[in-house]
Amino acid sequence: MSAPVAMPVPVKKRKLEARSSQDSAYYHCYSDVSIHEEMIADEVRTGSYRLALLRNGPSIRGKVVLDVGAGTGILSVFCAQAGAARVYAVEASEVAEEATRIAGLNGLSERIRVIRGPVEEVDIPEPVDAIVSEWMGYALMYESMLRSVLRARDKWLKPGGLILPSVAELYIAPVTDPVLAERLGFWHRVKERYGVDMSCMASFARRCLMNQEIGVIAVSGEDVLAHPVRFARLDLRTATEQQLGEIGGAFSARSFGMSTMHAFAVWFTVTFPADNPVVLSTSPFKEETHWKQSVLYLDEPADVVQDTGITGEITLTPSEENPRHLRVSLTYEIGDLGKKSKKFRMGEDFPAFQ
């Protein structure tokens, strides 16, 4: 019998296999207790969802709810406490088993059904009246879970159904970073302390620290140098997957006073509809969340004074290699320093890209 001839694997199939492997790795990271502890311990996050679901009790009571990416199922429990007749808690990682136990421990086994698998692949027994999901990643779009929410909306949500949250907005502002300034200045102080001039290390330190990685840092409101600018808004009731391929916009601001600008900070808010809407904000002017702020460092610091103009455009796109990873393209102009551009990444482990 002749040996079988090896046939070339179609490019599309290779991409699908790679995507499946990436999804598996993503789901696996949610099988560790630490990430769930961090999220539930975030009182702004968890408390906002609980309050929003309770305020939407009149719309949820006696209805069917789908929880996309349910994790431990705490949001499903909140839905049941708000009066939902049935909750389908869809979770792809093995923590789904814990969600089942938690539902039982709270006497909700009859009302919460945990379904393990990606929401794109599972079968929901019936159309739903509402969808709840905590899908937001760093800079809102890291992890790209919103695509799953939109697919669930299009497949399972009844016309006019409720989505919680329903609106997401992205903001940007110039910032100074006192910790970075201290680290950059360190090399100029070595001679005074040890008698060795190492000031030449400052430029090397700047290249290392002000790189293309998107930082996740808790920025102090005192270090924000201008009024924040909203550069993008997503309405989850009407947003399309195509829109998620490129999210961004222009911004224009004027600095408050004399300072050294090191970076731009990006953050988001999400709004839950209700007679009295609930807004979950990750702003540096609000209580800190586990999302903190996403920081985009310039190539080098820039000095600003009162009313220095700071303008530009920013675009967030999923990585071509792994759509759960994030790329940011930034074009900016600070005063009369000329237009500059820089690209950033999050989640990608490879050398600087063009």
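Keep in mind it's a predicted model, so treat the numbers as computed, not measured.

### Quick look at the overall build of the protein chain
Right, on to step 1. The helix and strand inventory of the protein chain stands at ten helices and 15 strands.
Right, on to step 2. Split into buried and exposed, the 354 residues of the protein chain put 49% on the buried side.
Right, on to step 3. A separation of at least 24 residues holds for 74% of the contacts in the protein chain among residues at least 6 apart in sequence.
Right, on to step 4. Of the roughly 18,000 Å² of accessible surface on the protein chain, 51% is carried by carbon and sulfur atoms.

### Quick look at the side chain of Asp235
Right, on to step 1. Assignment of secondary structure puts Asp235 in strand S8 (residues 229–235).
Right, on to step 2. Polar contacts involving the side chain of Asp235 include one to the side chain of Arg237, which spans 2.9 Å.

### Some points on empty space enclosed by the protein
Right, on to step 1. Taken as a whole and assessed by the stated rule, the structure comprises four cavities of 30 Å³ or more.
Right, on to step 2. Residue lining of the largest cavity: Met141, Ser144, Arg147, Leu244, Ile247, Leu316, Thr317, Pro318, Pro323, His325 and Leu326, and that is the complete set.
Right, on to step 3. The leading source of residues in the lining of the largest cavity is strand S13 (residues 309–318), at three residues.
Right, on to step 4. Its residues placed into classes, the lining of the largest cavity shows seven nonpolar, three polar and one charged.

### So, the sheet that holds strand S4 (residues 128–133)
Right, on to step 1. Ordered by their spatial adjacency, five strands build an open sheet running S3-S2-S1-S4-S5, and the pairing between neighbours is parallel. With partners counted over all chains shown, the strands left at the sheet margins are strand S3 (112–116) and strand S5 (157–164), one partner each. When strand polarity is set aside, the average angle formed by the axes of neighbouring strands in this sheet is 25 degrees.
Right, on to step 2. Contacts from helix H5 (residues 74–81) reach strand S1 (64–68), strand S2 (86–91), S3 and S4 within the one sheet, and its direction differs from that of S2 by about 175 degrees.
Right, on to step 3. Running at roughly 170 degrees to S3, helix H6 (residues 96–105) makes contact with S2 and S3 of the sheet.

### Section: the confidence of the model for the protein chain
Right, on to step 1. Overall, the predicted model of the protein chain reaches an average pLDDT of 91, with 90% of residues at or above 70.
Right, on to step 2. Note that pLDDT drops below 50 for residues 1–18; the model gives that stretch one contact with residues more than four away or on any other chain.
Right, on to step 3. A low-confidence stretch, residues 350–354 (pLDDT under 50), is modelled with twelve contacts involving residues beyond four sequence positions or located in other chains.

### Quick notes on the sheet that holds strand S9 (residues 247–254)
Right, on to step 1. In space, the four strands of this open sheet follow the order S9-S13-S14-S15, with antiparallel pairing throughout. Because the sheet does not close on itself, it has two edges, and the strands there are S9 and strand S15 (339–346). The mean angle between the axes of side-by-side strands here comes to 15 degrees, regardless of whether they run parallel or antiparallel.
Right, on to step 2. In this structure, S13 lies alongside strand S14 (residues 326–334), joined through nine bridges in antiparallel fashion. Within S14, the residue paired with Ile310 across the bridge is Ile334.

### Some remarks on helix H8 (residues 178–194)
Right, on to step 1. The end-to-end C-alpha separation of H8 is 24 Å, in line with the 24 Å expected for 17 residues at 1.5 Å each.
Right, on to step 2. Residue Trp187 marks the point of greatest curvature in H8, where the axis turns by about 45 degrees.
Right, on to step 3. For H8, the elements touching its buried residues are helix H9 (201–209), strand S10 (259–272) and strand S12 (293–304).
Right, on to step 4. For H8, the N-terminal cap is Asp177; the gap from its side-chain oxygen to the backbone nitrogen of Val179 is 3.1 Å.
Right, on to step 5. After H8 finishes, the residue Gly195 shows a positive phi value of roughly 80 degrees.

### What to know about the pattern of salt bridges
Right, on to step 1. One pass over the full model with this rule turns up 15 salt bridges.
Right, on to step 2. For the salt bridge of Arg153 with Asp154, the shortest nitrogen-to-oxygen distance reads 2.9 Å.
Right, on to step 3. The exposure class assigned to Arg153 is buried, which follows from its relative accessible area of 10%.
Right, on to step 4. Here Arg327 ties to Glu321 by a salt bridge, and the two come within 3.5 Å at their closest N and O atoms.
Right, on to step 5. On the accessibility criterion, Arg327 (18% relative accessible area) is buried.

### Points about the packing of H8 against H9
Right, on to step 1. Here H8 crosses H9 at 155 degrees, and the two axes come no closer than 8 Å. One finds that H8 runs roughly antiparallel with respect to H9. Regarding H8 and H9, the two cross each other, and that crossing is right-handed. Residues Leu180, Arg183, Leu184, Trp187 and His188 of H8 touch H9, and the partners they reach there are Met201, Ala202, Ala205, Arg206 and Leu209.
Right, on to step 2. Of the residues in the contact of H8 with H9, the class split is seven nonpolar, one polar and two charged.

Procedures and definitions
Residues numbered from 1 in each chain as written. Predicted model: local features only at pLDDT ≥ 70, side-chain atom pairs only at ≥ 80, totals over all residues. Heavy atoms only, no water. Helix = DSSP H or I, 4+ residues; strand = E, 2+ residues; numbered from the N terminus. Buried < 20%, exposed > 50% of the residue type's maximum accessible area, 1.4 Å probe, protein only. Contact = heavy atoms within 4.5 Å. Areas by Shrake-Rupley, 256 points an atom, 1.4 Å probe, with all protein chains shown as cover. Polar contact = N/O pair within 3.5 Å; in protein donor to acceptor, adjacent residues only side chain to side chain. 1 Å grid on protein atoms, 1.4 Å probe; cavity = no way out; pocket = protein on both sides within 12 Å on 5 of 7 lines; lining within 4 Å. Points joined across faces, edges and corners; volume = space filled by probe spheres on them. Nonpolar A, V, L, I, M, F, W, Y, C, P; charged D, E, K, R; others polar. Pairing = 2+ DSSP bridges. Axes fitted to C-alpha atoms, helices over the stretch in contact; angles between N-to-C directions. pLDDT = per-residue confidence, 0-100. Expected span 1.5 Å × (residues − 1). Bend = angle between axes of the 7 residues up to and from the residue. Salt bridge = Lys/Arg side-chain N within 4 Å of Asp/Glu carboxyl O. Parallel < 35°, antiparallel > 145°, perpendicular 65-115°, else oblique. Left-handed = near helix turned anticlockwise from the far one by under 90°.

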